[in-house]
Amino acid sequence: MPEKEDEMLRKKVQAVLDGNVHTREYGLKADVVDGKARVTGVVDTLAEREQVRQLVSRLNGIRAVENGVAVSTDGAITDDDVTFEVAEELAADPEINHRGISAKSVKGVVYLQGTVDSEEEQEAALAAATRARGVKEVISRLKVSRPGAYDTDNLEEIFHHQVNNDYEDEDRPGVY
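Residues numbered from 1 in each chain as written. Predicted model: local features only at pLDDT ≥ 70, side-chain atom pairs only at ≥ 80, totals over all residues. Heavy atoms only, no water.

Asker: Give a detailed account of the overall build of the protein, specifying residues and quantitative values.
Answerer: The number of helices and strands found in the protein is five helices and six strands. Each helix and strand of the protein, ordered N terminal to C terminal, gives the series α-β-β-α-β-α-β-β-α-β-α. Out of the 176 residues in the protein, the part that is buried amounts to 32%. Of the contacts formed within the protein by residues at least 6 apart in sequence, a portion of 60% connects residues at least 24 apart. (Helix = DSSP H or I, 4+ residues; strand = E, 2+ residues; numbered from the N terminus. Buried < 20%, exposed > 50% of the residue type's maximum accessible area, 1.4 Å probe, protein only. Contact = heavy atoms within 4.5 Å.)

Asker: Residues and numbers for the confidence of the model for the protein, please.
Answerer: Summary statistics for the protein give a mean pLDDT of 85 and a share of 82% for residues scoring 70 or more. Here helix α5 (residues 155–164) stands out as the least confident element of the protein, with mean pLDDT 64; strand β1 (residues 29–33) is the most confident, with 95. The low-confidence segment residues 172–176 (pLDDT under 50) makes five contacts with residues lying over four places distant or belonging to another chain. (pLDDT = per-residue confidence, 0-100.)

Asker: Lay out the nonpolar core in plain terms, naming residues and giving numbers.
Answerer: The biggest cluster of nonpolar side chains holds 34 residues, and the ones touching the most others in it are Val 13, Val 86 and Leu 112. The greatest single-element share of this core, amounting to five residues, is contributed by helix α4 (residues 119–130). What Val 86 contacts, discounting residues up to four positions off in sequence, is Ala 103, Val 110, Leu 112, Ala 129, Ala 132 and Val 135. (Core = buried A, V, L, I, M, F, W, Y, C linked by side-chain atoms within 4.5 Å.)

Asker: Tell me what's going on with α4, and back it up with residues and numbers.
Answerer: An ideal rise of 1.5 Å per residue puts 16 Å on 12 residues; α4 measures up with 17 Å between its terminal C-alpha atoms. Those residues of α4 that sit buried are Glu 121, Gln 122, Ala 124, Ala 125, Leu 126, Ala 128, Ala 129 and Thr 130. (Expected span 1.5 Å × (residues − 1).)

Asker: So what's going on with unusual backbone geometry? Residues and values would help.
Answerer: With a phi close to 55 degrees, Asp 34 is a non-glycine residue in the positive phi region. With respect to the helices, strands and loops of the structure, Asp 34 is situated in the loop between β1 and β2 (36–43). Exposure remark for Asp 34: the relative accessible area of 36% places this residue in the partly exposed category. For Lys 107, which is not glycine, the phi dihedral falls at a positive 55 degrees. One can find Lys 107 in the loop between β4 (101–106) and β5 (109–116). In this structure Lys 107 comes out as exposed when scored by relative accessible area, which is 69%.

Asker: Describe the sheet that holds β2, and please don't skip the residues or the numbers.
Answerer: Spatial ordering of the open sheet is given by β1-β2-β3, a layout of three strands whose pairing is mixed. The open sheet terminates on both sides in strands that have one partner only, identified here as β1 and β3 (64–71). Neighbouring strand axes in the sheet, compared pairwise and without regard to direction, differ in orientation by 15 degrees on average. Pairing between β1 and β2: five bridges, direction antiparallel. Bridged to Val 33 within β2 is Lys 36. Sheet contacts for helix α1 (residues 3–19): β1 and β2; angle to β1, the most-contacted strand, approximately 155 degrees. (Pairing = 2+ DSSP bridges. Axes fitted to C-alpha atoms, helices over the stretch in contact; angles between N-to-C directions.)

Asker: Any details on the side chain of Glu 48? Residues and values, ideally.
Answerer: Within the secondary structure layout, Glu 48 lies in helix α2 (residues 46–57). One buried charged side chain, Glu 48, makes no salt bridge at all; its nearest oppositely charged neighbour is Arg 133, positioned 9.4 Å away. If we skip the residues at most four places from it in the chain, Glu 48 touches Tyr 26 and Val 43. (Lys, Arg positive; Asp, Glu negative; His and termini not counted. Salt bridge = Lys/Arg side-chain N within 4 Å of Asp/Glu carboxyl O.)

Asker: Lay out the environment of Gly 35 with the relevant residues and their values.
Answerer: In this fold, Gly 35 is placed in the loop between β1 and β2. As a C-alpha pair, Gly 35 and Asn 60 span 25 residues in sequence and 9.8 Å in three-dimensional space.

And the structure:
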């Protein structure tokens, strides 16, 4: 691809980054070589990093995006801080039954555990976790429950299942 086209694409990418309300404050820099965009800089959250990739990849003429954007926060943020912020993001999202989900951060990698009602709820939980400061990656260990199913890792649910022969949960009391 000629250098002139790359320069036009670079200006287009830079204009999108500088004009977007969510990315302009970070002063991100764009370069384009052979139709491949490379964006560098620092943002506060993993969600913002992903948003940069999406914005640039939508532009006509861009064949690929190398996302060199780093996630960093101002000041020190501990894993306990990250875990707390993830819990806040989960609780704030109306699509998520956050009581069924727990989060743990290890060096900025967040592990989500628990049970959700649907694939959509799982995706919403992943998206919510990426909005927390200090999150570098999110790993889902969430289980999607099936109607009438029980958690085989939860002793109370196993006991309930065994004692009631599964029929209490299926609205068929007394049928054995």
